[in-house]
Amino acid sequence: MDDAKPHRDSLPVFPILGRRAMIRALLVLAVIFSGLAAVLTRGHQALGEVLSTTTANDLTNGRFAQKIDKAVFGAVPRSTALDGLVTGLEYRVLGDAGPQVRAGCGDWLYSMEELRAERRDRDNMALRAELLERLVRTIKQSGARLIIVPVPDKADQVGDKLCGITATQSRLRDQFWNELAHVEDAVVVDLRENWPRPGYWKTDTHWDQAGARFAAERIAQTAARMPEPGQDAVRLVEGSMQQRTGDLAKLSGLSDAPHALAPAPEQEREVKVDIARSGGLLDDTPEPSIILAGSSFSLNSGFLEYLETSLSREVVQVSQRGGGFAGALLETLEKRTGSLAKAKAVIWEWPMRSLVSPPSDAEKSFMRRSK
């Protein structure tokens, strides 16, 4: 009978945990007690701040205990190794990935840039709508065809891993598709339909190689209607798998945490292209007729290589890390007018999250000059 069997909860704890789990538990306790001792001996300021900012609601909903936990971990003496240990413990014990990163479930990390709401978000989106219209008009005047590629938020495309985190701001930014639906003199590539989920790295803000390849192929379907199809023989060469540390793991400090406390590193396949250009040996090599002016997405996960393979063309890469909404495109308009004059198409890739970022100096300058 079932009553004759010992209940699992009644078994001794330590044999179930095992030696490794016991060591881990003792390590957690050691760090907690060292932090508590540090709070009591030299962390009076942090403890006083916790007590002075605690409300009655904090005492009833558990936030007071969480504040004490943060004060304990924050008071532990610092070194690179110890910082990594504390960061890992905060992540595993408290589910805390730091102020700039939010932890979902299953070691999925999300950028706070996608999740937080700011007072001027709607104003910034309205400014970007006006900026978009003026940039489309300017590129049309150059004679090039503009292909616009908005990259959906990771929080929107991999929402099932948020686990308690709300992606309200992604829903707000989705309203911008109404603006894009009315864009004339440019082609908008919608990556949301048939997106290869998840399509993003677990510990990085960017698309993974499946997402990058999908985006490249979807753009190529659009560019296939260009008057001159690609003539270059482009062969994708795939190499070995390499370990990849995501930018969110670095941003949160989890890249310095012990392996047992941090998300597992991901694997990325090395890719490159071999291009046999059209024309004879004595012919002048023509300048590539497609410009890629994107953000850091265009610099990640082999996107350029997948794009060149899908287009059967060499592509001029002018994308910028941190370029946001239009950094690379504005620099092209200002500093690469010769290349733009020869271009048949400009691929303008930007992340949806950049819609609500404060306008850059370059954006403000362009808006003043293009009135």
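Residues numbered from 1 in each chain as written. Predicted model: local features only at pLDDT ≥ 70, side-chain atom pairs only at ≥ 80, totals over all residues. Heavy atoms only, no water.

Enquirer: Explain the overall build of the protein chain to me, using residue names and the numbers behind them.
Expert: Counting secondary structure elements, the protein chain contains 16 helices and nine strands. Of all 371 residues assigned to the protein chain, the portion counted as buried reaches 44%. Of the roughly 19900 Å² that the protein chain leaves accessible, carbon and sulfur atoms contribute 51%. (Helix = DSSP H or I, 4+ residues; strand = E, 2+ residues; numbered from the N terminus. Buried < 20%, exposed > 50% of the residue type's maximum accessible area, 1.4 Å probe, protein only. Areas by Shrake-Rupley, 256 points an atom, 1.4 Å probe, with all protein chains shown as cover.)

Enquirer: Requested: an account of the sheet that holds strand β9 (residues 345–351), with residues and values cited.
Expert: A sheet is described by the order of its strands in space; here five strands give the open sequence β4-β3-β9-β7-β8, paired in parallel fashion. In this open sheet, the two edge strands, each paired with only one partner strand, are β4 (187–188) and β8 (315–317). Across four bridges, strand β7 (residues 290–293) lies against β9 in parallel orientation. Note on β9: the bridge partner recorded for isoleucine 291 is valine 346. Here helix α7 (residues 121–142) sits on the sheet and contacts β3 (145–151) and β9; the angle it forms with β3, its principal contact strand, is near 150°. Across the sheet, helix α11 (residues 209–223) lies against β3, β4 and β9, angled at about 155° from β3, the strand it touches most. (Pairing = 2+ DSSP bridges. Contact = heavy atoms within 4.5 Å. Axes fitted to C-alpha atoms, helices over the stretch in contact; angles between N-to-C directions.)

Enquirer: Provide a residue-level description of helix α13 (residues 303–311), including the pertinent values.
Expert: Looking only at α13, the buried set comprises Phe303, Leu304, Tyr306, Leu307, Glu308 and Leu311. In this structure, the buried side of α13 is in contact with α11, β5 (233–244), β6 (266–276), β7, β8 and β9. Following α13 by one or two positions, serine 312 has its phi on the positive side, about 55°.

Enquirer: Explain the layout of surface pockets to me, using residue names and the numbers behind them.
Expert: As a volume, the largest pocket reaches approximately 450 Å³. Around the largest pocket, the lining comprises 30 residues; the ones closest to its centre are Glu113, Ser296, Gly322, Gly324 and Arg353. If you list the elements that add at least two residues to the lining of the largest pocket, you get α6 (112–115) and α12 (247–252). Residue contributions to the lining of the largest pocket peak at three residues, all from α12. Residue composition of the lining of the largest pocket, by class: seven nonpolar, 14 polar and nine charged. (1 Å grid on protein atoms, 1.4 Å probe; cavity = no way out; pocket = protein on both sides within 12 Å on 5 of 7 lines; lining within 4 Å. Points joined across faces, edges and corners; volume = space filled by probe spheres on them. Nonpolar A, V, L, I, M, F, W, Y, C, P; charged D, E, K, R; others polar.)

Enquirer: Hey, could you go over the state of the cysteines for me, with residue numbers and the actual values?
Expert: For the coordinates displayed, the defined rule picks out one disulfide. The partner cysteine of cysteine 105 in its disulfide is cysteine 163, sulfur to sulfur 1.9 Å. Negative torsions about the S-S bond denote left-handed disulfides, and the value of about 40° found for cysteine 105 with cysteine 163 makes this one right-handed. Placement of the pair is cysteine 105 in the loop between β1 (101–103) and β2 (109–111) and cysteine 163 in the loop between α8 (154–157) and α9 (168–174), with a sequence separation of 58 residues. When its relative accessible area of 26% is taken as the criterion, cysteine 105 is described as partly exposed. (Disulfide = S-S within 2.5 Å.)

Enquirer: So what's going on with the pattern of salt bridges? Which residues, and what values?
Expert: Here the structure, examined in full by the defined rule, presents 18 salt bridges. Between arginine 137 and glutamate 133 there is a salt bridge whose closest N-O contact spans 3.9 Å. Here arginine 137 and its partner glutamate 133 are both found in helix α7, four residues apart, which amounts to about one turn of the helix. A salt bridge links arginine 213 to glutamate 238; its shortest N-O distance comes to 3.5 Å. Placement of the pair is arginine 213 in helix α11 and glutamate 238 in strand β5, with a sequence separation of 25 residues. You can call arginine 213 partly exposed: its relative accessible area is 33%. Salt bridges here are not isolated pairs; linked through shared partners, they connect Glu113, Glu114 and Arg353. (Salt bridge = Lys/Arg side-chain N within 4 Å of Asp/Glu carboxyl O.)

Enquirer: Before we move on, can you summarise a positive patch on the surface with the specific residues and values?
Expert: A contiguous patch of positive charge on the surface is contributed by Lys364, Arg368, Arg369 and Lys371. Mapped onto the fold, arginine 369 is located in helix α16 (residues 361–369). Judged by its relative accessible area of 57%, arginine 369 is exposed. (Patch = residues over 30% accessible without salt bridge, like charges linked within 9 Å, V, L, I, M, F, W, Y side chains within 5 Å. Lys, Arg positive; Asp, Glu negative; His and termini not counted. Charge placed at Lys NZ, Arg CZ, Asp CG, Glu CD.)

Enquirer: Give a detailed account of the environment of threonine 87, specifying residues and quantitative values.
Expert: Relative to the elements of secondary structure, threonine 87 occurs in helix α5 (residues 80–94). A residue is classified by how much of its surface remains accessible, and threonine 87, at 17% relative accessible area, is buried. When the C-alpha positions of threonine 87 and alanine 257 are compared, they lie 6.4 Å apart, and in sequence the two are 170 residues distant. What threonine 87 contacts, discounting residues up to four positions off in sequence, is Ser252, Gly253 and Leu254.

Enquirer: Lay out the packing of α7 against α16 with the relevant residues and their values.
Expert: Running from N to C, α7 and α16 cross one another at 65°; their axes reach a closest spacing of 11 Å. The chirality of how α7 crosses α16 is left-handed. On α16, the residues that touch Leu127, Arg128, Glu130, Leu131, Arg134, Leu135 and Thr138 of α7 are Glu363, Phe366 and Met367. Within the contact of α7 with α16, the residues separate by chemical class into five nonpolar, one polar and four charged. (Left-handed = near helix turned anticlockwise from the far one by under 90°.)

Enquirer: Talk me through the packing of α7 against helix α14 (residues 327–335); I want residue IDs and the actual numbers.
Expert: At a minimum axis separation of 12 Å, α7 and α14 run at an interaxial angle of 40°. As judged from the angle between their axes, α7 and α14 are oblique. Relative to α14, α7 is oriented so that their crossing is left-handed. Between α7, through Leu135, Thr138 and Ile139, and α14, the contact on the second element is made entirely by Leu329, Leu330 and Leu333. Per-class residue counts for the contact of α7 with α14 are five nonpolar, one polar and no charged. (Parallel < 35°, antiparallel > 145°, perpendicular 65-115°, else oblique.)

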